[in-house]
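Each chain is listed here by its residues.
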Amino acid sequence: MTFTAKGRGLFASAALLGAMTTMATSASALDIAWVHSNAAAQSEQRVKAGFEAWVQEKGVDWNVSFLDSQGSGEATASNLQDAVSRGVDAIIITMSDLRASKAAIDVAVQAGVPVFSVDSGYVDGIMVDVTTNNWAMSADVSPYLLDQLGGNGNLVFFRMAEHHGTRKRGDVMEKVLQEYGDIKVLAEHNIDYTAFFEDTTATMQDYVARFGEDIDAVWAPWDEPAQATINVMKAAGLTDVKVIGIDGHPQAVAEVCKPDSMMIATVSQPFEKMGAQVGDWITGIVVDGKPREEVIPSDIVYMDAPLVTKANCEDFM
C-alpha cells in the first residue's frame, strides 16, 4: 500500500501508514516532540501558546517535549533526529528552514513519525506547512512604507535569508524598490538569527552613527528587529523615521497605535490559530487514524494576515 499526498505527489512508505494506523489510539497516549528554530522568537511563543490553549480546551493529556535549536539549522536537524530516535508519535517544527533538515525528515518518514510544520516552508516528507503568504504580506507593507515616504528618501534595509518567510518578504521588497527610483538604500544587512535582537541593535547603532538624520525609513523583516531599530534611534534623538515590521505582535500593534511612534505599520499573523490548527491535524491523522488527504487540504495551508496601520490598529488590540 502506498500513501499519496494531494498536490505534490508525496510518497511515504508503507511503514508510515502502518505506524500511523497503530498510533490511532487514545489522545492521552501521545508523545510529541516540538522542535523550535529559536524559542526566543515571539512568533514561536505565540504558536506554542495557541497550541497549549487548544490542548487545554480539548482536555487532551499529551506529553510534549520542547527542543530549542537557538536559531541554528544544524541544531534543528539534530533535534529532529533526536526526536525520531526517542520514538515519538509526532513532531511539530516551527519557523525553521526545512531544506537544511531534509535528511532528518527522511529519517522521520522511514521511522513512521509524521512531521507537522509551522511557517517553515514545505519539503517532501512532512504532512503540511501552515503559514501565511509571505510574498503577499510584503506586497502589502512594503509599498505602504514607500508611499508614506512620498516615493522619495533614504532607507535602511534589514533582511534575513535563513528563514523562508523573511527571505520571501525581503525578495518582494527588493522588487518593489525597483519601481521607486527616488528611494535610496543607505545600507542593507542580513540579520544573524542566533542573536537577532542584539545583532540588529549593534548594526543599527553603526548606521545611526554613519547616517544620522539622513535615515528616513527602516524596513525590518519582522517586529522584533523593527523595535530594536526604534530603540536605537530614540536613544540617538532621532524621531522622524518611518519603520515597519511584520508579525503583528501585541507590543508592535500597540507601538503602531501610538500617534507619535516611528512604527507606522505591521502585518497581523494568526500564530495562535496556527498552533491550534496543528492540534486538530494531529488528532485527525495520529489519533483518529484518518488518511492525510481527508484531514489536510493541501501541502501548504495559508492563513489570512491583514495589514495593520495607524488607521486600523485599534481593531487588532
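Residues numbered from 1 in each chain as written. Predicted model: local features only at pLDDT ≥ 70, side-chain atom pairs only at ≥ 80, totals over all residues. Heavy atoms only, no water.

A. Spatial organisation of the overall build of the protein chain. Per the secondary structure count, the protein chain includes 11 helices and 14 strands. Relative to a compact globule of 317 residues, whose C-alpha radius of gyration would be 20 Å, the protein chain shows 21 Å and is just as compact. Each principal axis of the C-alpha atoms in the protein chain carries an extent, and together these give about 65 × 35 × 30 Å. Taken over 317 residues, the protein chain has a buried fraction of 57%. Residue pairs in contact within the protein chain that sit at least 24 positions apart in sequence constitute 73% of those at least 6 positions apart. Summed over all atoms, the accessible surface of the protein chain reaches about 12,900 Å², with 48% contributed by carbon and sulfur. One way to put it: in the protein chain the 22 positive side-chain charges average out to a point 3 Å from where the 44 negative ones average out. (Helix = DSSP H or I, 4+ residues; strand = E, 2+ residues; numbered from the N terminus. Rg over C-alpha atoms; globule rule 2.2 N^0.38 Å. Buried < 20%, exposed > 50% of the residue type's maximum accessible area, 1.4 Å probe, protein only. Contact = heavy atoms within 4.5 Å. Areas by Shrake-Rupley, 256 points an atom, 1.4 Å probe, with all protein chains shown as cover. Lys, Arg positive; Asp, Glu negative; His and termini not counted. Charge placed at Lys NZ, Arg CZ, Asp CG, Glu CD.)

B. Fine view of the environment of N231. Counting through the fold element by element, N231 comes out in helix α8 (residues 223-235). The exposure class of N231 is partly exposed, given its relative accessible area of 35%. As a C-alpha pair, N231 and T194 span 37 residues in sequence and 20 Å in three-dimensional space.

C. A look at the environment of H164. By the secondary structure assignment, H164 is in helix α6 (residues 164-177). On the basis of relative accessible area, H164 is assigned to the buried category, the value being 4%. Each C-alpha atom of the pair H164 and W34 lies 19 Å from the other, and the pair is 130 residues apart in sequence. Look past the residues within four positions of H164 in its chain and what remains in contact with it is S96, D119, S120, G121, D129, T131 and N134. Within the structure, the side chain of H164 is placed 3.3 Å from the backbone nitrogen of G121, a separation counted as a polar contact. (Polar contact = N/O pair within 3.5 Å; in protein donor to acceptor, adjacent residues only side chain to side chain.)

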